[in-house]
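Given next are the chains, with one letter for each unit.
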Amino acid sequence: MFTLLKNMNYRHWQLAIAALLGSAITSPASAAERVGDFSLLDQDGKFHHMAWYDDHKAIAFLVQVNGSAQTRAAAAEYERLQAQFDAQGIEFMMINPLGQARELVQADVAALGTSLPVLIDDAQMVSQAMDIQRSGETFLFDPRSFEVIYRGPVTGLQSALGEVMAGQAISEPMVAMTGADIGYQAMEQIAAQGISYSEDVAPIIAQNCASCHRVGGIAPFAMDSHAMVQGWSPMIREVLMTKRMPPGQIDPHVGDFTNGYNLAVADQQTLIQWIEAGAQNEGSADPLAELTWPASKWAYGEPDLIVKLPEQSIPATGILDYRTVIVPFEGLDRDRYVRASQYLAGDRQVLHHTLNAVMQPGETRPRGFLGEVDPNAAYITPYIPGAEPHLEKPNTGGLLKAGSKLALQLHYTTMGKETVDNSEIGIWFYPDDQIPQERLSSECACIFPQTWTNIPAYDPHFEQQQSITIKADAYLQSFIPHMHFRGKSMSFAAHFPNGDVQQLINIANYNYNWQIDYKLEEPVFVPAGTKVVVTAAYDNSKQNKANPDPSRTVPWGDQSWDEMFFGQIYWKYVDQSVFVSSSAQ
């Protein structure tokens, strides 16, 4: 027993002694322990951020483990307490600390007969921070201080909830209980092996963070040395725990993407443990300080053609209407197939996004900025927050004809001081003797004013849905979501002609600042007649910190304080012959 106890930290030692004595722990060392803010996805892929619940008195958790007798024994009393306290400002959830497979958690919860969300801790970082030790254990978490204020069996939870409702300190914040142990083998293995800054941490930062977090990058500070990373380590921990960074993260359990922006579980665990151990550098080597970046501002070297947009003067304040400009492709002396394009914003602080449309020779006005596009026409990338330069897949691209023009719709927002935006677009062509044989098709599952349903005031989860139908056999390639400040989530699903449904992508925590073209690692085949259904949710509550006005019923509109619904889908038809033959004419 002595050997077991001496290897425990002080709080675990307390729990072990209490278990032997069958008593509650009430010493000063059992005072509230700060976990920090965090976010997790539940068994249905819904995103839960603890700070969002800061209008609640507390969040209750029941530790759920698949097949656990302790979880099953506690579930009925836990749901009884939910019925009693839910309307009084207590949010009830479960948490799976083992990161068990989503479909298995769904099945176990269904067997329990509960509809409660189960937050699945894939990386076990939250569960370890909360010091979850037993299945069937219950917790109370303060969403304002981010502290655990009670832990123990469900039999002690009612008393703790009563004291919370009365505004009193919980008299027995830690109550010992028995139950199946929760293991943290992966975390323990990482700790046992030791974490090296130069060999373990710096490569993660270099691969996932440094391209933006560098001098001249789009991020607010550079991660170009150990000293910088160590100095920012508390914030790095916070953004990892809340899934705020890397930006644009999507549900890792739906689809495989080349740019899903999800850190590997082992990388998350390594960074968090290194930070919590003091973020030290064990030697003198500093790989981050040795990183070099291309001198060119262009992603693929000097472009074959640069389109300079007319200078745009932006006032310090005010509401700006969308601007439309039409520019020629100066220097384009012959028809060329486009291989890549990149939009360089002159001032990212004011340019929110653009829509582009190629006008064919002889056209005097754009046909429109949205809707189905001719696959034979060249694609020139617009500016979208967080978007990468557009590089066509091999043997893919459209034709840019000499004499064409580019129409752009520009959305600017003011920032408190006058500025000038001088944006430019770089274009790279295929060699003249290389004609790509494949074309990319696209269509927007959009809702426009005629079919828009206004979002009710104060509604925390208002859903709308739209779909498109793929007319012939095709391979889906990528998806782009677009909403405004109240956008909460957007998911895409393929409804096949035989009635089967396949989830394609789940943007569980949509962020207006990061509207990314999510590219599938492997294209998904869909037969003719497949319907792609896009479901968007909006948060018009006061808990949405980005919400301009929760009391407002929200219409469709161009400006950011109104809303939109765009779900852009890209695919390649299996039969490409019609496009290749028509482009040759």
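Preceding this paragraph is the structure being described.
Residues numbered from 1 in each chain as written. Predicted model: local features only at pLDDT ≥ 70, side-chain atom pairs only at ≥ 80, totals over all residues. Heavy atoms only, no water.

Asker: Help me out: how do you make sense of the sheet that holds strand β21 (residues 441-447) in this one?
Answerer: The strands making up a sheet are joined through hydrogen bonds of the backbone, oriented either antiparallel or parallel. Across the sheet, which stays open at both edges, the four strands sit in the order β21-β28-β23-β26 with antiparallel pairing between neighbours. Of all strands in the sheet, those with a lone pairing partner are β21 and β26 (518-526), marking the two edges. The mean inter-strand angle of the sheet, taken between neighbouring strand axes irrespective of direction, is 30 degrees. Note that strand β23 (residues 474-482) and strand β28 (residues 565-573) share eight bridges and pair antiparallel. The residue of β28 that forms the bridge with Tyr-475 is Lys-572. (Pairing = 2+ DSSP bridges. Helix = DSSP H or I, 4+ residues; strand = E, 2+ residues; numbered from the N terminus. Axes fitted to C-alpha atoms, helices over the stretch in contact; angles between N-to-C directions.)

Asker: Even after reading the chapter, I still don't get helix α3 (residues 69-85), so can you show me in this structure?
Answerer: Spacing of three or four residues puts side chains on the same side of an α-helix, whose turn is 3.6 residues. For α3, spanning 17 residues, the distance from its first C-alpha to its last is 25 Å, which sits close to the expected 24 Å at 1.5 Å a residue. Taken together, the buried positions of α3 are occupied by Thr-71, Ala-74, Ala-75, Tyr-78, Leu-81 and Phe-85. In this structure, the buried residues of α3 make contact with β5 (58-63), β6 (90-96), α4 (102-112), β8 (138-142) and α6 (157-165). Residue Ser-68 occupies the N-cap position of α3, its side-chain oxygen lying 3.2 Å from the main-chain nitrogen of Gln-70. (Expected span 1.5 Å × (residues − 1). Buried < 20%, exposed > 50% of the residue type's maximum accessible area, 1.4 Å probe, protein only. Contact = heavy atoms within 4.5 Å. Polar contact = N/O pair within 3.5 Å; in protein donor to acceptor, adjacent residues only side chain to side chain.)

Asker: Before we go on, may I ask you to explain the sheet that holds strand β25 (residues 501-507) in this structure?
Answerer: Strand order in this open sheet of four strands is β22-β27-β24-β25, and the pairing throughout is antiparallel. In this open sheet, the two strands that pair with only one neighbour each are β22 (462-469) and β25. On average, each strand axis in the sheet is inclined to that of its neighbour by 20 degrees, with strand direction left out of account. With eight bridges joining them, strand β24 (residues 487-495) and strand β27 (residues 531-538) adopt antiparallel strand pairing. The partner of Ala-494 across the bridge, within β27, is Val-532.

Asker: Please explain the state of the cysteines as it appears in this structure.
Answerer: Two cysteines joined by a covalent bond between their sulfur atoms form a disulfide. Enumeration over the complete set of coordinates arrives at one disulfide. Put simply, Cys-444 and Cys-446 are joined by a disulfide, and their sulfur atoms are 1.7 Å apart. Taking the sign of the S-S torsion, 95 degrees for the link of Cys-444 and Cys-446, the bridge is right-handed. Judged by relative accessible area, Cys-444 falls into the buried class, the value being 10%. No disulfide involves Cys-209; its sulfur sits 8.9 Å from that of Cys-212, the nearest cysteine. (Disulfide = S-S within 2.5 Å.)

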